[in-house]
Amino acid sequence: MIDTRPTLYLSRLLPDPVMAIVRERFQLVQEPLDVLPAPPALREGLCRANAAIVTLGDLIDAETIHAATRLKILANYAVGYNNIDLAAAQVRGLIVTNTPDVLTDATADLTWALILATARRVVEGDALVRSGQWTGWSPTQLMGAEVSGKILGIIGMGRIGQAVAQRAVGFRMPVRYHTRQPNAATSLPREWEHRSLHDLLGEADVVTIHLPLTPATHHLIGACELAWMKPTAFIINTARGPIVDEGALVNALKTEIIAGAGLDVYEQEPTIHSALAELKQVVLLPHLGSATLHARVQMGLVCLKNIQAVLEGRLAPNQVT
Ligand code: DGY
């Protein structure tokens, strides 16, 4: 019997509940692996499929987009879509979708995990206990910074920025935020106060970044901006690595211009600036923002919903082109 199911390219293996649906509804053009495909394999897969689910590590350039003539939809398994040449997709009429909302809580929770881990030296404490060198409780051991009651500065007040702000209530942390379109933020609670980037960086004890990566946000935080921060302040990034100039950050940490950093994202993932791993005042995570089973399954379901809509000739709910 002829298989009439649409063809799908999956650049990575997705969680089991998503794979079960994928295998039922689609013909896979290649069996997905749990590693990033090499660019030729990525391009070949995209060229053979009617629809594709790709991840943030897959760089999809104009050449690939124009070569993939059968492809109707590129469902990005992420909320950020800086890995895709959107202008080329628009020219070619290729629909690109993302996965907003379903990973907001997971990413906001992880942001708080990084805030607390960085300020309270959680990773150093874990290492000490595991090393067998811990000699018992001490009044002066691994003293960290108190975050309760301190000022939380949020750069970018989209869904994730707001979810991070909501969680500040339990820590009695006044929220200051910076957004490039303050007028669009009129529905935000009045107690969250808008600041210029300069003032926010100067006032906050914890600065956390929740912006998309665009040409305008690339290296938004560099040496000059880090120098505006308090020497006791921490910076947290769970958005995209290139928003922060990693070299400038290393320098600011080494020279104690700021107190510490909690990073989930890097300029050249999975490579990190060699000096970062040597700095104790830094907590480094491997891009885990959305890494809960719940969020990752929902992200897959959102991709499938968008694909189904497009293949049936309907509007994709999360179209970004
Ligand atoms: C996203 O969705 O953009 C996240 O970075 C993935 O974890």
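Keep in mind that what you see is a predicted model, and the values were worked out from it rather than measured.

Rules used in this analysis
- Residues numbered from 1 in each chain as written.
- Predicted model: local features only at pLDDT ≥ 70, side-chain atom pairs only at ≥ 80, totals over all residues.
- Heavy atoms only, no water.
- Helix = DSSP H or I, 4+ residues; strand = E, 2+ residues; numbered from the N terminus.
- Buried < 20%, exposed > 50% of the residue type's maximum accessible area, 1.4 Å probe, protein only.
- Polar contact = N/O pair within 3.5 Å; in protein donor to acceptor, adjacent residues only side chain to side chain.
- Contact = heavy atoms within 4.5 Å.
- Domains from an automatic or database assignment.
- Buried area = accessible area lost by both parts, 1.4 Å probe.
- Salt bridge = Lys/Arg side-chain N within 4 Å of Asp/Glu carboxyl O.
- Nonpolar A, V, L, I, M, F, W, Y, C, P; charged D, E, K, R; others polar.
- Disulfide = S-S within 2.5 Å.
- Core = buried A, V, L, I, M, F, W, Y, C linked by side-chain atoms within 4.5 Å.
- Pairing = 2+ DSSP bridges.
- Right-handed = clockwise from strand over helix to strand, strands pointing away.

1. Quick look at the environment of Asp 61
So, step 1. In this structure, Asp 61 sits in the loop between β3 (51–54) and α3 (62–67).
So, step 2. A C-alpha to C-alpha distance of 53 Å links Asp 61 and Thr 140, two positions 79 residues apart in sequence.

2. Quick word on the side chain of Asn 306
So, step 1. By the secondary structure assignment, Asn 306 is in helix α11 (residues 293–311).
So, step 2. With relative accessibility at 0%, the residue Asn 306 sits in the buried group.
So, step 3. At a separation of 2.8 Å, a polar atom in the side chain of Asn 306 contacts the main-chain amide nitrogen of Asn 318.
So, step 4. Not counting residues up to four positions away in its chain, the partners in contact with Asn 306 are Ile 73, Thr 97, Asn 98, Ala 316, Pro 317 and Asn 318.

3. Overview of the domain arrangement of the protein chain
So, step 1. Splitting the protein chain by domain gives domain 1 (7–101 + 293–311) and domain 2 (104–284).
So, step 2. Each of domain 1 and domain 2 has a C-alpha centre, and the two are 31 Å apart.
So, step 3. Between domain 1 and domain 2, the contact holds seven residues from the first and six residues from the second.
So, step 4. For the pairing of domain 1 and domain 2, the buried interface totals around 550 Å² over both sides, and the portion due to carbon and sulfur atoms is 47%.
So, step 5. Contact with domain 2 buries surface across domain 1, with Leu 56, Asn 82 and Asp 101 losing the most and accounting together for 69% of the total.
So, step 6. The interface formed by domain 1 and domain 2 contains one salt bridge.
So, step 7. The salt bridge partner of Asp 101 is Arg 159, with a shortest N-O separation of 2.8 Å.
So, step 8. At the junction of domain 1 and domain 2, the tally comes to three residue pairs in polar contact (both at pLDDT 80 or more).
So, step 9. Residues belonging to the side of domain 1 that touches domain 2 are distributed by class as follows: four nonpolar, two polar and one charged.

4. Some details on the state of the cysteines
So, step 1. Overall, the coordinates contain zero disulfides when judged by the stated rule.
So, step 2. Between Cys 47, a cysteine without a disulfide, and Cys 303, which holds the nearest cysteine sulfur, the sulfur-to-sulfur distance is 20 Å.

5. Topic: the nonpolar core
So, step 1. Grouped together as the largest cluster of nonpolar side chains are 47 residues, with contacts concentrated most on Leu 8, Ile 53, Leu 152, Ile 154, Met 157, Val 175 and Ile 307.
So, step 2. Mapping this core onto the domain boundaries places at least three of its residues in each of domain 1 (7–101 + 293–311) and domain 2 (104–284).
So, step 3. Apart from residues lying up to four places away in sequence, Ile 53 is in contact with Leu 8, Tyr 9, Leu 10, Ser 11, Leu 14, Ala 75, Tyr 77, Cys 303, Leu 304 and Ile 307.
So, step 4. Grouped together as the second largest cluster of nonpolar side chains are 31 residues, Leu 201, Leu 213, Met 229 and Leu 253 included.

6. Concerning the pairing of strand β1 (residues 7–10)
So, step 1. Neither face of β1 is exposed, since Thr 7 and Tyr 9 on one face and Leu 8 and Leu 10 on the opposite face are all buried.
So, step 2. Bridge count between β1 and strand β2 (residues 27–28): two bridges; the pairing is parallel. Directly across from Leu 8, in β2, lies its bridge partner Leu 28.
So, step 3. Read from β1 through helix α1 (residues 16–25) to β2, the crossover connection turns out right-handed.
So, step 4. Relative to β3, β1 runs parallel, the two sharing three bridges. Counted as the bridge partner of Leu 8 is Ala 51 from β3.

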